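One letter stands for each residue in the lines below.
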Amino acid sequence: MLLLVALLSACREDDTGTLQTKMRTISLNFPAIQPYTASRAENDVPAIADESTFHTADIWVFNSNNTAEDATAVAYKHIEDAERYTTAGGELRIELTIPEEIATVDIYVITNSSATGLDANSTRSALQSTTFSNKPNNETSSELTNNGLLMSRIITGIPVANLSGSYDANTQLPLERGVAKIACFFAKESESTQAEITGITVSGATDMGSVFPAAVTFENKDTRPSAANVPEGATNTETVPITPPSAIQVLAEDATLARGDEDAQAYVTRLNKIASFTNDYYLYEADANDMTVSINYTLGTSEVKTTELTLDEAVIRNHYVVITGTVKGGILELEYLALQWENVSSAIGWDATPTVAAWNSDDYDAPNLTDATVGDEEAAYCYVVY
């Protein structure tokens with residue numbers, strides 16, 4: 001009897017006498033500028049406006065108590081003009097209705113999606129296995145301006161009470177961009193130094209990406225992906241050509257392209273002022289040692305030399321891979337690191353422990369990384385991973 005009363009209390013009759021489930025409205029906030037904090041805030045890298053713009057959005061709301069792979073959403077919304085739902089501060093705000101008796105929900109959200117075949121009937125497993133293979137090539141691409149970058153997230157176990165107030169009172173649900181990006185910065189020690197970068201190529205790039213990063217619980221919504229989510233079936237056969245700078249800037253006295261005791265945002269800002277640089281190019285996620293960056297260069301002669309740098313850390317979405325090259329004494333010194341990639345006003349950070357490998361070389365070409373001697377103070381090359 002009590003069960004019957006409970007069921008009836010969750011329903012009402014419409015004008016035809018049919019029982020209807022009582023519904024409640026929830027308000028969802030998706031910040032493009034991710035405004036949550038961490039113990040350290042020095043590893044942010046600024047984003048350009050087009051990298052944080054919402055154009056389209058698809059949101060699925062699942063009952064957390066129904067974890068079946070073939071479960072479908074209790075609410076779904078597709079928004080074709082997401083900019084209309086975006087605040088001046090860059091936050092996407094959406095309302096949906098769900099059955100009143102649901103106390104905890106899982107949110108799946110995709111913005112600027114190039115994935116096809118997803119709708120209100122998409123199951124959990126279908127969403128989790130979805131891939132995408134369309135992205136802008138670089139920051140100057142018209143596709144970036146017109147379509148933006150895919151951003152997504154799966155957040156589970158969200159108390160409905162945290163979504164039932166006003167937008168300003170509700171919790172924010174941060175998203176992740178679906179790609180990483182890479183740029184190269186070059187300088188030479190003096191005006192008399194003869195050097196030219198003639199070509200830059202990323203080989204071994206993956207040909208597709210997973211739409212979603214790994215799911216996180218509501219309690220861990222402020223954590224960041226720490227591993228690449230490479231989809232099954234992806235191949236490392238893509239080649240990404242990067243247009244080199246037309247000239248190499250002279251490095252001011254006592255200046256360096258190496259990162260010092262400075263936050264990442266200040267570091268990249270400084271590089272833009274003291275070095276010649278490429279555009280930012282976008283990459284799908286990849287596991288460690290899958291990608292190699294080849295740099296062709298000349299040092300005062302017609303002979304073109306090539307140095308290669310294997311990215312021996314995973315290329316993770318929403319990270320910025322920064323490669324620096326300094327010409328000193330007829331040698332091209334290379335260094336790279338990976339930084340969190342956020343809007344200029346964000347305050348998210350992550351702890352980084354540097355791993356340094358250094359080695360000697362009598363030639364200008366890059367050595368075999370397996371022959372590296374750790375801690376050699378007279379190294380001609382230094383390779384740093386953060």
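What counts, and at which threshold
- Residue indices begin from 1 for each chain and proceed along its sequence in written order.
- Local features in this predicted model are restricted to residues of pLDDT 70 or higher, and side-chain atom pairs are both shown and tallied only at a pLDDT of 80 or more, whereas totals for entire chains, interfaces and linings draw on every residue.
- The basis for every side-chain value is the complete set of heavy atoms in the structure, and neither hydrogens nor water enter the calculation.
- We define a salt bridge as a side-chain nitrogen of Lys or Arg found within 4 Å of a carboxyl oxygen belonging to Asp or Glu.
- Only protein chains enter the area calculation, which uses a 1.4 Å probe; residues under 20% of their type maximum are buried, those over 50% are exposed, and those in between are partly exposed.
- Residues belong to a common nonpolar core when they are buried Ala, Val, Leu, Ile, Met, Phe, Trp, Tyr or Cys residues joined through side-chain atoms within 4.5 Å.
- The helix count covers DSSP runs of H or I at least four residues long, the strand count covers runs of E at least two residues long, and both are numbered beginning at the N terminus.
- Any two residues having at least one pair of non-hydrogen atoms within 4.5 Å are treated as being in contact.
- Summary of the metric used: pLDDT quantifies the predictor's per-residue confidence within the range 0 to 100.
- Starting at the helix axis, one direction is taken to each C-beta atom, and the arc is that of these directions.
- Side-chain atoms alone can form a polar contact between residues adjacent in sequence; in general such a contact is a pair of N or O atoms within 3.5 Å, and within protein one must be able to donate a hydrogen while the other accepts it.

J.: Mind showing me how you'd approach the pattern of salt bridges here?
T.: Side chains carrying opposite charge are able to pair once their charged atoms draw close together. Applying the stated rule across the entire model yields 11 salt bridges. We note a salt bridge from arginine 84 to aspartate 81, for which the minimum N-O separation is 4.0 Å. Accessibility expressed as a relative area gives 60% for arginine 84, which makes it exposed. With a relative accessible area of 38%, aspartate 81 lands in the partly exposed category. Among the ionic contacts, a cluster of salt bridges with common partners joins Glu51, Lys181 and Asp280.

J.: Can you help me understand the nonpolar core in this one?
T.: Note on soluble globular proteins: their nonpolar side chains tend to be buried together. The biggest cluster of nonpolar side chains holds 36 residues, and the ones touching the most others in it are Trp60, Tyr320, Val322 and Leu339. When residues of this core are traced back to their parent elements, those giving at least two are strand E4 (57–63), strand E7 (104–111), strand E11 (180–188), helix H4 (264–274), strand E21 (319–328) and strand E22 (331–340). Those residues in contact with tyrosine 320, other than ones at most four positions away along the chain, are Val45, Lys181, Ile182, Ala183, Phe185, Val268, Asp280, Leu337, Ala338, Leu339 and Trp341. Counting residues in hydrophobic clusters, the runner-up holds 29 residues, among them Ile182, Val202, Met291 and Val327.

J.: Help me understand the confidence of the model for the protein chain in this model?
T.: Low pLDDT means the predicted coordinates in that region are not meant to be read closely. Here the protein chain shows a mean pLDDT of 82. Residues at 70 or above account for 80%. The secondary-structure element of the protein chain with the lowest mean pLDDT is strand E24 (residues 381–385), recorded at 29, while strand E14 (residues 216–217) shows the highest, at 98. Note that residues 1–9 has pLDDT below 50 and, in this model, two contacts with residues that lie over four places away or in other chains. Segment residues 34–42: pLDDT under 50, and 29 contacts once partners within four positions in sequence are set aside and those in other chains are kept.

J.: What's the story with unusual backbone geometry in this structure? I'm lost.
T.: Note on backbone geometry: most residues besides glycine have negative phi, and most peptide bonds are trans. Residues other than glycine seldom take positive phi values, yet asparagine 112 does so here, at roughly 55 degrees. Among the secondary structure elements, asparagine 112 is positioned in the loop between E7 and helix H2 (124–128). Judged by relative accessible area, asparagine 112 falls into the buried class, the value being 8%. Despite not being glycine, asparagine 289 shows a phi value in the positive range, around 70 degrees. Summarising the element assignment, asparagine 289 is placed in the loop between strand E18 (281–283) and strand E19 (292–298).

J.: Looking at this structure, I do not really get H4. What am I missing?
T.: Every buried residue of H4 is accounted for by Ala264, Tyr267, Val268, Leu271 and Ile274. End-on, the buried residues of H4 take up no more than an arc of 135 degrees, which puts them together on one face. Lining the buried residues of H4 we find E11, strand E16 (249–250), E21 and E22. Where H4 begins, the capping side chain belongs to aspartate 263, and its oxygen is found 3.2 Å from the backbone nitrogen of glutamine 265.

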